[in-house]
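Working through the structure, step by step
Below are the chains, spelled out letter by letter.
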Amino acid sequence: MKTPRVLVALLCCVVLSGSLRAADDLAWPVLTRENKPWTRWWWLGSAVDKANLTRELEAIATAGFGGVEITPIYGAKGYEERFLPFLSPKYIEMLAHTGAEAKRLGLGVDMATGTGWPFGGAQVMPADAELKLAFAADGQIAPVPTKFKVKRSAPGGEGWVLSPYSTAAMQHYLEPFTAALSALPAGTINSQFHDSFEYQATWATELPEKFQSLHGYDILAHAAELNGQGDPDTVARIKADYRTTLGALHLEYLRTWVDWAHAHGSTARNQAHGSPGNLLDLYAAADIPETEIFGSIPFPIPGFRRDPAEIGRPGHPPIIHRFASSAAHVMGKPYASSETFTWLREHFHESPSEMKPELDALFLAGINHVFYHGDAYSPEDAPWPGWLFYASSQLNTRNPLWRDLGDSLNTYIARAQSLLQAGQPDNDLLVYWPADDLWHNAEGQMIQLTVHASWLEASRTGRLMHELTAKGFSYDLISDTQLAQAHCEKGQLKTPGGLYRTMLVPETDHMEAGTLRRLLDLANDGATVNFAGSLPKDVPGYGQLSARREALKAQLARIGLKHGPDGISWAPLGKGKVWVGPAEKIPAGSREPMADAGLQFIRRKLADGTLYFIVNQGGKSFEGWMPLYCEAESAVQMNPRRGGAGVAAIRQNHGVPEVYLQQAPGESYFIRTFTSRAANGPAMRYLHPAGEPVELGGDWKVTATRGGPELPPAFVQHGLGSWTAQGGEWERFGGTARYEIEFELPAGVKADDWLLDLGDVRETARVFVNGRETDLVWSLPMRTRIGPFLKPGKNTLALEVTNLAANRIRDLEKRSVAWKNFYEINFVNIFYERFNGAVWPLQPSGLLGPVKLVPLLAFTP
């Protein structure tokens, strides 16, 4: 099949966005729509019209988004006459209008291939619907329908959920899409989307035949073992074969959908997590593998807030995101995306300062294409807060933070992704993922590999991934199938998308003889292959067990191990070498020493050097010379928050390049190195505090400037604190207030610059010095340099501070205003319980301070 036009355009965009301009080493790339964040855009009841679609798309574009993903869901009560049946002629007319307006505005349009989730709907006949594994009274396998219907479906999208293991069912399911979407102009839909695996099926009509072809025996003859009866090892083996069969069928199902998307001019974006198969293969089946954030991470950054009531909720260890990014890196896919900010906090409590660390964790894990979760279409005549989706971050035009979104998070994401989409991944280690050890389990039936990743955290591979990250090693994961596509090139491992120095195999009990043979063949061709702990002991599964064990034994016999000190063994093999021993002692390539200082990183390889993204997510600042694991004659430092850049201080220490870093907790920078030339441009300015801070503790004039439900009266505040302390309208106000003060710049203090430290800000602050806007402060630490804007003597400082919408929602709830009027699940809290914002405490709002001026002096490292 020919590569679809959209995929060709996608690859071209990556090449263009990755071509950093040599004429100006300090210049940021020209931003493309792919660099910018995109957002899921729920169409409630598909009750959309052209005027409101245009209004919303214009707001989305103005806020710095690059595109939308349309997912129709249930509607809002009282607006039934506006509902449009999914894929009806009127719906397609609205979709065509969306595509035309998006094109005019420079936006892209993706769509879920269905409504709600999972795939399913009115076109799904019982023969194509889900089945679950059940057992008859006589103990034989007797599958029954799950009777599971599409969750959160939109009008016209109601119906049975599709069997996720049937290519025939998928083909039938897609027929109405083919017919309806044919009316759209070419290029209207950029990408089709498949959400995370939340199917309930554990069986399929196709399963026995597929099982027989994969494993060489009849699963129907082993109903007792599949039901957990018999020798535990035999049960585990037969269940392992059952699980690999589910994975194989689901992979074929996905490929059928991907092929259909390509045939109709779109790419395919898939969330593989939750699936009962090999995540690396399932992610790689799509053009864009997508992970997701669900819940939050307790970062130790000073000032980072987390509601104690939310502790204990399922979260997402950052290592889980490496499955999506590894699939992209290993198989040569330019984007790895993420559904971002799902249930990050309770509704209306998400602050940009708490979102940035989550974003940075995604970027560090190799994600470079962020999708917000998300924005609900809401007509202009819907009363505040408009139409909403219950699991959203509620970052929409009705949120008071929307005004600052484009200049804060979205600009930060776009700048960061413009670099993280450039060049090629630069990870040293290729880590084999032993999925067969997971499948070998006598308990349960289907095993789902969810984004919460308790299955990963409890595994030896998960522990090894944490250890590698903590010690500063860069790595990608690889599956058995992907390993078959790797080869050795000049002593390095080459996959369709990456080049790696070393193969690392976590301690694993079960491995197919073919996989071990491939690993040893790579070593024979010149690669270094390291086995952490020990060599595999047995083959997985039950079919043809004796023959496969003999095949594994024959491969193990190729390794003539020589035993050394510290439990390390090695064996020369052809042009390469095999190592076996404790993971912390076997040679695993070079690492980045910055990990020892609490800094985290990801690298990408550029044509003329190396690109580092470096983040301090710890509790301590770092300052000093930092060795880099790359060749570098020069370097530039780039600030994605403010957009500035400068030539960095660099020195050679016994042939190792070292750059000078100053990095506070919460801060993130790019270091771009040049291998064999000097960087062009002004030098970085390094500054130290030069004296005692000066607190601005006089009288502040506070005036509400925008927001609601009404603008509260102005007041003068001596010192600082939450504006809710004023009572009355200020308690329920959601919006922006302007803080103003006059101050004298201290005379006789020698300073090359001045740092404005705002202390505690709830939640964003636009800074104006002597009438000039200088910065938007929104991330930790809440501070900015303002020296060039100050003058001797009297100065004025104004801060436009915007708070959360939480207090305004709390007020609606306390007054029993009926705003939660949606079908289906309606609106629930973060624990999926009845939403009751009336019991919320008032959220601190405004400028809490203390506000300080810190004199700074320049120095040369």
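The structure reproduced in this document is the subject of the present report. Each residue is numbered by its place in its chain's sequence as written, counting from 1. Where local features are concerned, this predicted model is filtered to residues with pLDDT of at least 70; where side-chain atom pairs are given and counted, the filter is 80 or more; whole-chain, interface and lining totals use all residues. Hydrogens and water are ignored here; the side-chain numbers use all heavy atoms of the structure.

1. With respect to the sheet that holds strand β12 (residues 369-376)
This is how the line gets drawn: A strand pair is defined by DSSP finding two or more bridges across the two strands. For helices the rule is a DSSP run of H or I covering at least 4 residues; for strands it is a run of E covering at least 2, with both sets numbered from the N terminus onward. Each axis is a line fitted through C-alpha atoms, and for a helix only the stretch in contact is used; angles between axes span 0 to 180 degrees, taken between their N-to-C directions.
The strand order around the closed barrel formed by 8 strands is β1-β2-β3-β8-β9-β10-β11-β12, and the pairing between neighbours is parallel. Pairwise comparison of adjacent strand axes, ignoring direction, gives a mean angle of 30° for this sheet.

2. Regarding the layout of surface pockets
To find leftover empty space, one rolls a probe the size of a water molecule over the atoms. Rules: For each structure, a 1 Å grid was placed over the protein atoms alone; sets of points admitting a 1.4 Å probe that cannot get out are labelled cavities, open sets with protein on both sides within 12 Å along at least five of seven lines are labelled pockets, and lining residues have an atom within 4 Å of a point. Grid points are joined across faces, edges and corners, and a volume is the space filled by probe spheres set on the points. In this classification, Asp, Glu, Lys and Arg are treated as charged, Ala, Val, Leu, Ile, Met, Phe, Trp, Tyr, Cys and Pro as nonpolar, and every other residue, Gly included, as polar.
Approximately 1,100 Å³ is the volume found for the largest pocket. At the level of elements, β26 (622-627), β27 (634-638), β28 (645-647), β30 (656-663), β31 (668-674), β32 (686-689), β37 (753-757) and β41 (783-785) are the ones that each hand at least two residues to the lining of the largest pocket. Element by element, the count of residues in the lining of the largest pocket is highest for β32, at 4 residues. Within the lining of the largest pocket, the residues separate by chemical class into 19 nonpolar, 13 polar and 9 charged. Surrounding the second largest pocket, 35 residues form its lining, L214, T244, D436, D480 and T481 being those nearest its centre. Where the lining of the second largest pocket is concerned, the elements lending two or more residues are α5 (207-215), α7 (232-263), α8 (279-284), α12 (435-439), α15 (480-483) and α16 (513-524). Examining the composition of the lining of the second largest pocket, we find that 9 residues originate from one element, α7, more than from any other. Taken together, the residues of the lining of the second largest pocket break down into 12 nonpolar, 12 polar and 11 charged.

3. A closer look at the pattern of salt bridges
Quick note on the threshold: The working definition used for a salt bridge is a side-chain nitrogen of Lys or Arg within 4 Å of a carboxyl oxygen of Asp or Glu. A simple rule labels every residue: compare its accessible area, found with a 1.4 Å probe on the protein chains alone, to the largest value its type can have, and call it buried under 20%, exposed over 50%, or partly exposed in between.
Under the definition given, this model contains 58 salt bridges. Here E69 and R40 are joined by a salt bridge, their closest N and O atoms 3.1 Å apart. In this pair, E69 is assigned in strand β2 (residues 67-73) and R40 in strand β1 (residues 38-44), connecting sequence segments 29 residues apart. The burial state of E69 is the same as that of R40; both residues are buried.

4. Digging into the pairing of β2
How we decide: By the criterion used throughout, a crossover qualifies as right-handed when its path from the first strand across the helix to the second strand runs clockwise, the strands pointing away from the viewer.
Burial of β2 is extensive: 7 of the 7 residues sit out of reach of the surface. Neither face of β2 is left uncovered, since the one carrying G67, E69, T71 and I73 and the one carrying V68, I70 and P72 both have all their residues buried. As paired strands, β1 and β2 are joined by 7 bridges and run parallel to one another. Looking at β2, one finds that W43 is bridged to P72. Since β1 and β2 lie parallel, the crossover through helix α2 (residues 50-62) that links them has a hand, and here it is right-handed.

5. A short note on the sheet that holds strand β18 (residues 499-500)
With antiparallel pairing, the 3 strands of this open sheet are ordered in space as β16-β17-β18. Of all the strands in the sheet, just β16 (487-489) and β18 have a single pairing partner and so form its edges. When strand β17 (residues 492-494) meets β18, the two strands line up antiparallel, connected through 2 bridges. Residue pairing for β18: L493 is matched across the bridge by Y500.

6. Focus: the packing of α16 against helix α17 (residues 545-556)
For any two helices packed against each other, one specifies the crossing angle of their axes together with the interaxial distance. Worth spelling out the cut-off: To sort the angles, those under 35 degrees are grouped as roughly parallel, those over 145 as roughly antiparallel, those from 65 to 115 as roughly perpendicular, and the leftovers as oblique. Should the near helix be turned counterclockwise from the far one by less than a right angle, the crossing is left-handed, whereas a clockwise turn marks it as right-handed. The contact definition used throughout considers only heavy atoms, calling two residues in contact when any of these lie within 4.5 Å.
Contact geometry of α16 with α17 gives a least axis separation of 9 Å together with a crossing angle of 15°. Considered as vectors, α16 and α17 are oriented roughly parallel to each other. In this structure, α16 crosses over α17, and the sense of that crossing is left-handed. The residues of α17 that touch α16, namely those facing A513, L516, R517 and L520, are R548, A551, L552, Q555 and L556. When the residues that make up the contact of α16 with α17 are grouped by side-chain class, the tally is 6 nonpolar, 1 polar and 2 charged.

7. Side note on the nonpolar core
Proteins that are soluble and globular tend to have nonpolar side chains buried together. Rules: In this text, buried Ala, Val, Leu, Ile, Met, Phe, Trp, Tyr and Cys residues form a nonpolar core when linked through side-chain atoms within 4.5 Å.
Residues L95, F323, Y390, W455 and M503 are the most contacted members of the largest nonpolar core, which totals 204 residues. Element by element, the count of residues in this core is highest for α7, at 12 residues. Among residues more than four places away in sequence, those in contact with F323 are L279, L280, Y283, W433, W455, L456, M465 and L477. Grouped together as the second largest cluster of nonpolar side chains are 36 residues, A704, I741, V777 and L797 included.

8. Brief notes about the environment of K333
Cut-off, in case you're wondering: Polar contact is defined as a pair of N or O atoms within 3.5 Å, subject to the rule that within protein one atom must be able to donate a hydrogen and the other to accept it, and that residues adjacent in sequence are counted only when both atoms are side-chain atoms.
Relative to the elements of secondary structure, K333 occurs in the loop between α9 (321-331) and β11 (337-342). K333 gets classed as buried once you look at its relative accessible area, which sits at 19%. Remark: the alpha-carbon pair of K333 and I288, spanning 45 residues in sequence, is separated by 6.9 Å. Excluding residues that lie within four positions of it along the chain, K333 makes contacts with A284, A286, D287, P289, A327 and A328. Only 3.1 Å separates the side chain of K333 from the backbone oxygen of A284, close enough to count as a polar contact.

9. Some remarks on empty space enclosed by the protein
Scanning the model with the defined rule gives 7 cavities of 30 Å³ or more in all. Considering the residues around the largest cavity, the lining is formed by 14 residues, among which G116, W117, P118, F119 and D195 are closest to the centre. Here the lining of the largest cavity is built from residues that sort into 6 nonpolar, 7 polar and 1 charged.

10. Section: the packing of aromatic side chains
This is how the line gets drawn: The pairing test for Phe, Tyr and Trp rings, Trp by its six-membered ring, is centres within 6.5 Å, and the orientation test on the planes gives stacked under 30 degrees, edge-to-face over 60, and tilted for anything in between.
For the structure shown, the criterion picks out 50 aromatic pairs. Measuring from centroid to centroid gives 5.0 Å for F65 and Y372, while their planes differ by 75°, and the two rings are edge-to-face. Taken together, the residues span a long stretch of sequence, with F65 in the loop between α2 and β2 and Y372 in strand β12 at a distance of 307 residues. Centroid distance F341 to Y372: 5.4 Å. Interplanar angle 80°. Geometry classified as edge-to-face. Of this pair, F341 sits in strand β11 while Y372 is found in strand β12, placing the two residues 31 residues apart along the sequence.

11. A closer look at helix α3 (residues 89-105)
Inclusion rule: To estimate the expected span of a helix, subtract one from its residue number and multiply by 1.5 Å.
Over its 17 residues, α3 runs 24 Å from end to end, which matches the ideal 24 Å to within 8%, given 1.5 Å per residue. Every buried residue of α3 is listed here: Y91, I92, M94, L95, H97, T98, G99, E101 and A102. Contacts from the buried residues of α3 go to β1, α2, β2, β3 (108-112) and α4 (167-181).

12. Some remarks on the packing of α4 against α7
The N-to-C vectors of α4 and α7 enclose an angle of 20°; their axes lie 9 Å apart at closest approach. In terms of their interaxial angle, α4 and α7 are classed as roughly parallel. Crossing of α4 against α7: the hand is right-handed. In contact with T167, M170, Q171, L174, F177, T178 and L181 of α4, α7 contributes E252, Y253, T256, W257 and W260. Of the residues contributing to the contact of α4 with α7, the split by class is 7 nonpolar, 4 polar and 1 charged.

13. A closer look at the side chain of N368
Mapping N368 onto the fold places it in the loop between α10 (352-364) and β12. At a separation of 3.1 Å, a polar atom in the side chain of N368 contacts the main-chain carbonyl oxygen of P334. Beyond its immediate sequence surroundings of up to four residues, N368 is in contact with P334, Y335, A336, Q417, L420 and Q421.

14. Quick word on unusual backbone geometry
A cis amide bond, omega -10°, links W117 with the succeeding residue P118. Relative to the helices and strands, P118 resides in the loop between β3 and β4 (120-121). Here the residue pair H373 and G374 is connected by a cis peptide bond, since its omega of -5° sits within 30 degrees of zero. By the element assignment, G374 lies in strand β12. Residue S816 is not a glycine yet carries a positive backbone phi of 55°.

Interpretation note: all reported values are geometric properties and have no functional meaning in isolation.
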